[in-house]
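This is what each chain is made of:
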Amino acid sequence: KDHITTVVQRYKGKITGWDVVNEAIVEDGSYRKSDFYKIMGEEFIDWAFQCAQEADPNTELYYNDYSMSAPGKRATVVKMVQRLKSKGIRIDAVGLQTHIGMDFPDLKEYEKSITAFINAGVDVQLTETDMSVLPNPYTGADVSTRFQYTPEKDPYKNGINAKQLKPWQDRFKELFAIINKHSAHVKRVTFWGVTDASSWKNDFPIPGRTDYPLPFDREGKFKF
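These numbers come from a predicted model, not from an experiment.

About the cut-offs
- Residues numbered from 1 in each chain as written.
- Predicted model: local features only at pLDDT ≥ 70, side-chain atom pairs only at ≥ 80, totals over all residues.
- Heavy atoms only, no water.
- Helix = DSSP H or I, 4+ residues; strand = E, 2+ residues; numbered from the N terminus.
- Contact = heavy atoms within 4.5 Å.
- Polar contact = N/O pair within 3.5 Å; in protein donor to acceptor, adjacent residues only side chain to side chain.
- Phe/Tyr/Trp six-rings, centres within 6.5 Å; stacked < 30°, edge-to-face > 60°.
- Buried < 20%, exposed > 50% of the residue type's maximum accessible area, 1.4 Å probe, protein only.
- Pairing = 2+ DSSP bridges.
- Axes fitted to C-alpha atoms, helices over the stretch in contact; angles between N-to-C directions.

**A word on the environment of R188**
Consideration 1: If you trace the backbone, R188 turns up in strand β5 (residues 186-191).
Consideration 2: Distance from R188 to T5, taken between C-alpha atoms, is 26 Å for residues 183 residues apart in sequence.
Consideration 3: If we ignore the near neighbours within four places in the chain, the residues touching R188 are T16, E60, Y62, V124, Q125 and L126.
Consideration 4: For R188, the side chain forms a polar contact with the side chain of Y62, separated by 3.4 Å.

Here you go:
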C-alpha cells in the first residue's frame, strides 16, 4: 500500500492510467505463484486496485497480461474483472500484450478475448504490439529464454522483398480489422518499438536473427 500510494500520488494529475497488476495469471487460468499470491491469494489483485483507486480516484486502472487468447486465462481474467466490480473496485481496461507471429495466436480466439473483456464491462488495449515474420520455436514471455541460431531460422538476413512481406501485411490487416470492429472499446494500441532496426525481436528468442516486426522498416518507412 505504501508503494502504490507513494508512486501514484507523486504523479497524481499527470498520468492517464496505471498498469496496476501485470502478468498475474498463467495460460491455463491458474494464478502465478508470486510472493504476493503466496501471501494473499488472488485478493492481492483486489488490494492493489483498491490502493491505486484511493491514491488517485481520477486516473485509469488497468490489468495487463500476455497470451490473452488462451481460453483458460481469458476466463480467469473475466472472473477477476467481475470480482473487482462486484466489490466496487474500479478497473477501466484490460491490456493484451500483443507479441505475435505468423502462426500464433489464432486470431479468432484473440477476438473472443476482446469480446469477453468488453462484455465484462472494461475497455481493451493492445500493449507491446509487434508481429515477427520469422519461424518461432517459442511463444512465451520469459526474456531469458534462448535457442540456438541456425540459418534456416533466419531466412531474411539480407532483406525481405515485397512478395515475402505480403503475408505479414495481410495478417496485420486482419488484426486491425478486428481492432476496428471493436473500436468503440479498443482505446489504445501501443507498439513495442518504432522501427525494425531497434526491435528486440532481432535477437529474441534466437540471438543474431534479423526480424521485421514493426510497421516501420529499418529506414523508418511505413511498410503498408
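**Things to note about the packing of aromatic side chains**
For any pair of aromatic rings, the description rests on two quantities: the centre-to-centre distance and the angle between the ring planes.
Consideration 1: Summed over the entire model, instances satisfying the criterion amount to 15 aromatic pairs.
Consideration 2: Their ring planes at 15° and their centres at 5.6 Å tell us that Y31 and Y37 sit as a pair that is stacked.
Consideration 3: Given the relative accessible area of 8%, Y31 is considered buried.
Consideration 4: Clustering of aromatic rings is evident, with ring pairs tying together W168, F172, F176, F191, F216, F222 and F224.

**Side note on the sheet that holds strand β3 (residues 93-100)**
Consideration 1: Read from one edge to the other, the open sheet built from five strands follows the order β1-β2-β3-β4-β5, with strand pairing classed as parallel. The two strands at the open ends of the sheet, each matched to only one other strand, are β1 (17-22) and β5. On average, each strand axis in the sheet is tilted by 25° relative to the strand beside it, whichever way the strands run.
Consideration 2: With four bridges connecting them, strand β4 (residues 123-131) and β5 associate as parallel partners. Looking at the pairing, L126 lines up with V189 of β5.
Consideration 3: Docked against the sheet, helix α6 (residues 162-181) engages β3, β4 and β5, running at close to 170° with respect to β4.

All we've got here are geometric facts, nothing functional implied.
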